[in-house]
Structure formats: structure tokens, C-alpha cells
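Structure assessment
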Amino acid sequence: MTFDQTNWVWMNGEVVPWNAATIHVSAHTLHYGSGVFEGMRCYQTADGPALFRMREHLHRLYASAEAYGIRIPYSTEELEDAVCETIRCNDFASCYVRPICYHGTASLAVHPRNCPVEMVILAWPWGAYLGEDNIARGVRVTVASWTKFHSRMLPATAKGCGGYLNSMLAAREAAAGGYDEALLLDEAGNIAEGSGENLFLVRDGRVLTNDERSSILLGITRDSVIELARDLGYEVEIRTLTLEDLLAADEAFFTGTAVEVTPIRELDGEVIGGGTRGPITERIQQAYLAAATGQDRRRAGWLHFVPAPATVAV
Ligand SMILES: Cc1ncc(COP(=O)(O)O)c(C=O)c1O
């Protein structure tokens, strides 16, 4: 992935050229990770670009901000417009969207007192996060030596910038070992989640996933997949998951905005199920993409279309 420096960025209420979207090195967030962010996708549909579950993503952004005492100085409607404007200015048919709200410059005391709250929206085209081939083939995963932080340490259901150092360490460790992704365990040794995605298992035709009791981010893709799987007729069980459950699973997959639905084929050299994408994973993948790209009309309520620019009558 490379950024295109001719793109545009929404920054504190204005659309500015990519290279003008800068902050000062004294910004509080740079030193302490004091910000919150979201990641959502905009898909190309027959009726134009549409954001997948934008309301839910923005709702989680406000909830994350509240968990860290950050007051976002924009309403939901203003942010919805800002996201659409960012996509429109860049003329993207599909892209990933990254709103981030952080403490800027005033003081470098740990308490961000007096630091302004600033807001930026970036967007860029982003393909398969864990590799195009792995959408069909599945990823190779390793259990991280780093434990997923417990929600008594940081609010695990919030997307706080600093919390991602935990994910970054795990992801770097996995890459250094030649794996595609890391799986983090919680303090009790149960499965938490991937460095940037939730986990699902399939066993005897049932779909299983864990919840916030395992210190996970409650993914919006996870929520969508639970609904889609039930709709496809699968029983979905939400409970604590162990490594034994994963190793005994017929199928396993990650879910997340970036990875969408990505199968897992191996854990630390042990083959999961048939060692490739399983049939239930594939059905869920298809259902997810059909919903996100507007082909599943029953899920139209999950899409927010980017309005065309207003035309000025002459
Ligand atoms: C740690 C973590 N878990 C899970 C997810 C999946 O969340 P979502 O499906 O809302 O993108 C993400 C991605 O945002 C994440 O960073």
C-alpha cells in the first residue's frame, strides 16, 4: 500500500491537499497515543460508492472518545458529511476511510488539559489487508507472546491509538516469524483476537465467536457476520474460545473492516480443518460482500451512499 500524495484530506473542517495535512511534533497524541480512530470501508455499488455501516463506526468513534475523555467537536451528521466529502474530493469509487480524533499541541503534561481536540479524515484505496491470495487460500497465524491488554488496563472495546502498540508488537513478531498474522490470548489464556481482527470458528456446522469478556474490540464486521450467519441458517454461539477449540475447528476465519472475512488455514504449523477456506467460511464471505456491495437488497440499511456533488444551475 502506498499513499498518493495528490489526494485530499479532511482536517478540522476543511479539505486540504495531502501534503498540507500536518500536525506539530509537540502534539500530545504523538507522545502519548492520546487519540481515537475508526476504520471503515466504502464499496463500489451499482448505485455509486457506499459506506458500509458508517453510523455504527461513528457511534463507536464517539464511544471510544468518551472512554478517553475526548469530546469530539462535531455531530454525527457533520462527520457523515465530512466522510462523504473526503471520498468525493478524491473521486474514489471504493476506499478505506480513517477518521482520527486526537489531542493536539498545548502541553506535554500527561493530562491533556488545554490540548485542543483535532479531527482528521483520511481515505485511500486499500485492497485485501492480508493479501489477495489469502482471501481464498487462508492465512498462517501464530500465537503472540504478547497478551492482549485486559480491559482493566485500557478500555478494550475502544479504538484508542495507544492501545495499538499491543497489536503492533504482536504483528511485528508474527511477521518476523514468517506468519501472516498474530493471534493474541487474553490474561486468562483464552483467545482474544488478532492484531486487528476478530476470530470465528466453525465446528459441526455451528459458528462460534467470543465477546468483550475476552478483551476484544467488538467488531462491526463481527456483528454483521453474526447476523448474516444466522440468516444463512447457522447457529451462532458466543462464548469463550480456547486454542484447543481453534485447533479442533473445522474452519476458522478472521473478520474486520480491513480483512473483511479472511480464512485461517494454519496455527503455528498446525493445519486447521482442511487447510484451506472451508465451505461455510466461503458462504459467509460471499454474504458479507453481497451486503457490502449492495447486491443483497435486504441489507440496504447497512449502506450510506456518497451523494453526488450538488450541481449548480447556470
Ligand atoms: C483489534 C481489533 N479487533 C477487531 C477489529 C475488527 O473491527 P471491525 O470489524 O469493526 O473493523 C479491529 C479493526 O478495527 C481491530 O483493530
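Data block above holds the structure.
Residues numbered from 1 in each chain as written. Predicted model: local features only at pLDDT ≥ 70, side-chain atom pairs only at ≥ 80, totals over all residues. Heavy atoms only, no water.

Observations concerning the packing of aromatic side chains
- What the rule picks out here adds up to 12 aromatic pairs.
- Relative to Trp-124, the ring of Phe-3 has its centre 5.1 Å away and its plane inclined at 90°; by these criteria the two rings are edge-to-face. Linking Phe-3 in the segment before β1 (8-11) with Trp-124 in strand β7 (residues 117-124), this pair joins segments that are 121 residues apart in sequence.
- Judged by its relative accessible area of 5%, Trp-124 is buried.
- Taking the centre distance of 5.3 Å and the plane angle of 85° together, the rings of Trp-126 and Tyr-129 count as edge-to-face.
- Of the residues examined, Trp-126 reaches a relative accessible area of 23% and is grouped as partly exposed.
- Here Tyr-129 falls in the partly exposed class, since its relative accessible area comes to 36%.
- Three or more aromatic residues link up through ring pairs in this structure, and these residues are Phe-3, Trp-18, Tyr-96, Trp-124, Trp-126 and Tyr-129.
- Against the face of Phe-149 rests Lys-148, its NZ or CZ located 4.7 Å from the ring centre.
- Sitting above the plane of the Trp-302 ring, Arg-299 keeps its charged end 5.2 Å from the centroid. (Phe/Tyr/Trp six-rings, centres within 6.5 Å; stacked < 30°, edge-to-face > 60°. Helix = DSSP H or I, 4+ residues; strand = E, 2+ residues; numbered from the N terminus. Buried < 20%, exposed > 50% of the residue type's maximum accessible area, 1.4 Å probe, protein only. Lys NZ or Arg CZ within 6 Å of the ring centre and 35° of its normal.)

Brief notes about the pairing of strand β5 (residues 48-52)
- Inspection of the sheet shows strand β4 (residues 40-45) paired to β5 by 4 bridges, in the antiparallel sense. Each bridged residue has a counterpart across the sheet, and for Tyr-43 the counterpart in β5 is Ala-50.
- As consecutive antiparallel partners, β4 and β5 are separated by 2 residues.
- Alignment of β5 against strand β17 (residues 303-305), held across 3 bridges, turns out to be antiparallel. Paired with Ala-50 across the strands is Phe-305, a residue of β17. (Pairing = 2+ DSSP bridges.)

Focus on the environment of Gly-219
- Relative to the elements of secondary structure, Gly-219 occurs in the loop between β12 (206-209) and α6 (220-231).
- Taking C-alpha positions, Gly-219 is 6.7 Å from Asn-198, a pair spaced 21 residues apart along the chain.

Quick notes on the pattern of salt bridges
- All told, the structure shown has 20 salt bridges when counted by the stated rule.
- Notably, a salt bridge pairs Arg-53 with Glu-56, separated by 3.2 Å at the nearest N-O pair.
- Of the residues examined, Arg-53 reaches a relative accessible area of 6% and is grouped as buried.
- Note that Glu-77 and Arg-55 form a salt bridge whose closest N and O atoms lie 3.4 Å from each other. In this pair, Glu-77 sits in helix α3 (residues 76-90) while Arg-55 sits in helix α2 (residues 54-67), placing the two residues 22 residues apart along the sequence.
- Judged by its relative accessible area of 43%, Glu-77 falls in the partly exposed class. (Salt bridge = Lys/Arg side-chain N within 4 Å of Asp/Glu carboxyl O.)

These results come straight from atomic positions and should not be treated as a statement about function.
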